[in-house]
Amino acid sequence: LAQLESPQNNATLSSSTTFSWSNDDEHVTSFTFQIASDASFSNIINSQDIDKASDGPTSTTIDIKGMDAGTYYWRVISKGRIYIDTPSEYRTFIVASLPSIEFSLISPDNNAQIENTQTFEWDAIDGASYLFEIATTEDFRNVIKSENLSSNNYELAVDELIFSPTYFWRVTAF
């Protein structure tokens, strides 16, 4: 069965995000990715069939853009020779209504080298919450760390990262 990876359960997201899951079962040949507005999945608002790579990585991702603010549920249905429409667990996520708030990223500087730990810091905004994200691609199609925060900083241990020569970070205030 598909093992949901990202986003985590109860994550607060922007209107565009990347969903990922893994499955190394050789009997699974395809997936159906679903987003619904209810936990019973009777009101599915996005459903996409995806073939599983036959000899590639066991992790699959899909980018979803332009979702309206609200609470949603997502799951992945595994299909194959043994599995007939076997759904994964589901996770809940919230798309926040994000007003445009101007603020600056303070540290680390662009192109900084990260040692054992790194504190990320940005301008504080009264009453704001923040979505902190780290990705391995500049377009944030591969988010590897996503945290909902009430403070304007985040301390990251290097061992929390997957190997990549370059990382990108951003913060969304809401």
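Each chain carries its own residue numbering, running from 1 in the written order of its sequence. Only residues with pLDDT of 70 or above have their local features reported here, since the model is predicted, and side-chain atom pairs are shown and tallied only from 80 upward, although totals for entire chains, interfaces and linings are computed over all residues. Note that water and hydrogens are dropped before the side-chain values are worked out from all heavy atoms of the structure.

> Let's hear about the nonpolar core: which residues, and what values?
Within soluble globular proteins, side chains that are nonpolar generally end up buried alongside one another. Buried Ala, Val, Leu, Ile, Met, Phe, Trp, Tyr and Cys residues form a nonpolar core when they are joined through side-chain atoms within 4.5 Å. Three labels apply to residues, based on accessible area from a 1.4 Å probe with only protein chains included: buried if under 20% of the type maximum, exposed if over 50%, partly exposed otherwise in between. Judged by nonpolar contacts, the single largest core of 19 residues is most densely connected at Phe19, Trp21, Phe33, Ile35, Trp74, Val76 and Phe93. Strands here are runs of E lasting at least two residues and helices are runs of H or I lasting at least four, both read from the DSSP assignment and numbered beginning at the N terminus. Broken down by secondary-structure element, the contributors of at least two residues to this core are strand 2 (11-13), strand 3 (17-22), strand 4 (28-36), strand 6 (59-64), strand 7 (70-80) and strand 9 (91-95). Per-element tally for this core: the top contributor is strand 4, with four residues. Within the second largest apolar cluster, 13 residues are counted, among which are Phe120, Phe132, Tyr154 and Val171.

> Before we move on, can you summarise the pattern of salt bridges with the specific residues and values?
One speaks of a salt bridge when a side-chain nitrogen belonging to Lys or Arg is within 4 Å of a carboxyl oxygen belonging to Asp or Glu. In total, this model carries five salt bridges according to the counting rule given. Where Lys79 meets Asp85, a salt bridge forms, and the shortest distance between an N and an O atom there is 3.9 Å. Asp85 sits in the partly exposed class, given a relative accessible area of 46%. Ionic pairing is found between Glu147 and Lys145, a salt bridge with its closest N-O pair at 3.5 Å. Overall, Lys145 belongs to the buried group, its relative accessible area being 16%. Beyond isolated ion pairs, a larger network of salt bridges with shared partners links Asp49, Lys79 and Asp85.

> Please set out the packing of aromatic side chains residue by residue, giving values where relevant.
Centres within 6.5 Å make a pair out of two Phe, Tyr or Trp rings, where for Trp the six-membered ring is used; the pair is then stacked when the planes are under 30 degrees apart, edge-to-face when over 60, and tilted otherwise. Here the structure, examined in full by the defined rule, presents 16 aromatic pairs. Every member of this aromatic cluster is reached through a ring pair, and the members are Phe19, Trp21, Phe31, Phe33, Tyr72, Trp74 and Phe93. By the criterion adopted, a ring carries a charge over it if an Arg CZ or a Lys NZ lies within 6 Å of its centre and within 35 degrees of its normal. Its end group placed over the ring of Phe41, Arg75 keeps NZ or CZ at 4.0 Å from the ring centre.

> A description of the sheet that holds strand 12 (residues 130-135) should follow, citing residues and the corresponding values.
Two strands in a sheet stick together by hydrogen bonds in their backbones, pointing the same way (parallel) or opposite ways (antiparallel). Taking strand neighbours across the sheet as the criterion, the three strands line up as 13-12-15 in an open arrangement whose pairing is antiparallel. Taken across any chain shown, the strands that pair with only one partner, and hence form the sheet edges, are strand 13 (143-149) and strand 15 (168-173). Direction aside, the axes of adjacent strands within the sheet are offset by 15 degrees on average. Think of it this way: DSSP has to see at least two bridges between two strands before they count as a pair. Bridging between strand 12 and strand 13 involves six bridges; their strand directions are antiparallel. Of the residues in strand 13, the one forming a bridge with Tyr130 is Leu149. Axis angles are defined between N-to-C directions and span 0 to 180 degrees, where every axis is a line fitted to C-alpha atoms and, for a helix, only to the segment in contact.

> Talk me through the environment of Ile64; I want residue IDs and the actual numbers.
On the secondary structure map, Ile64 appears in strand 6. Note on Ile64: relative accessible area 5%, which makes it buried. Each C-alpha atom, one on Ile64 and one on Thr17, is 5.6 Å from the other, the two residues being 47 residues apart in sequence. Once you skip the residues sitting within four places of it in the chain, Ile64 turns out to touch Ser15, Ser16, Thr17, Phe19, Phe33, Ile35, Asn46 and Gln48. Contacts are assigned to residue pairs that have any heavy atoms within 4.5 Å of one another.

> Give me the environment of Ala128: which residues, what numbers.
Looking at the secondary structure, you find Ala128 in the loop between strand 11 (117-122) and strand 12. Sequence spacing of Ala128 and Leu149 is 21 residues, and the spatial spacing of their C-alpha atoms is 9.2 Å. The residues contacting Ala128, other than those within four sequence positions of it, are Ser150, Ala173 and Phe174.

> Could you give me a rundown of the environment of Glu26, with the residues and numbers involved?
On the secondary structure map, Glu26 appears in the loop between strand 3 and strand 4. A relative accessible area of 62% places Glu26 in the exposed class. Between the C-alpha atom of Glu26 and that of Ser88, which follows or precedes it by 62 residues, the distance is 16 Å. Ignoring sequence-local partners within four residues, the contact set of Glu26 consists of Lys52 and Arg81.

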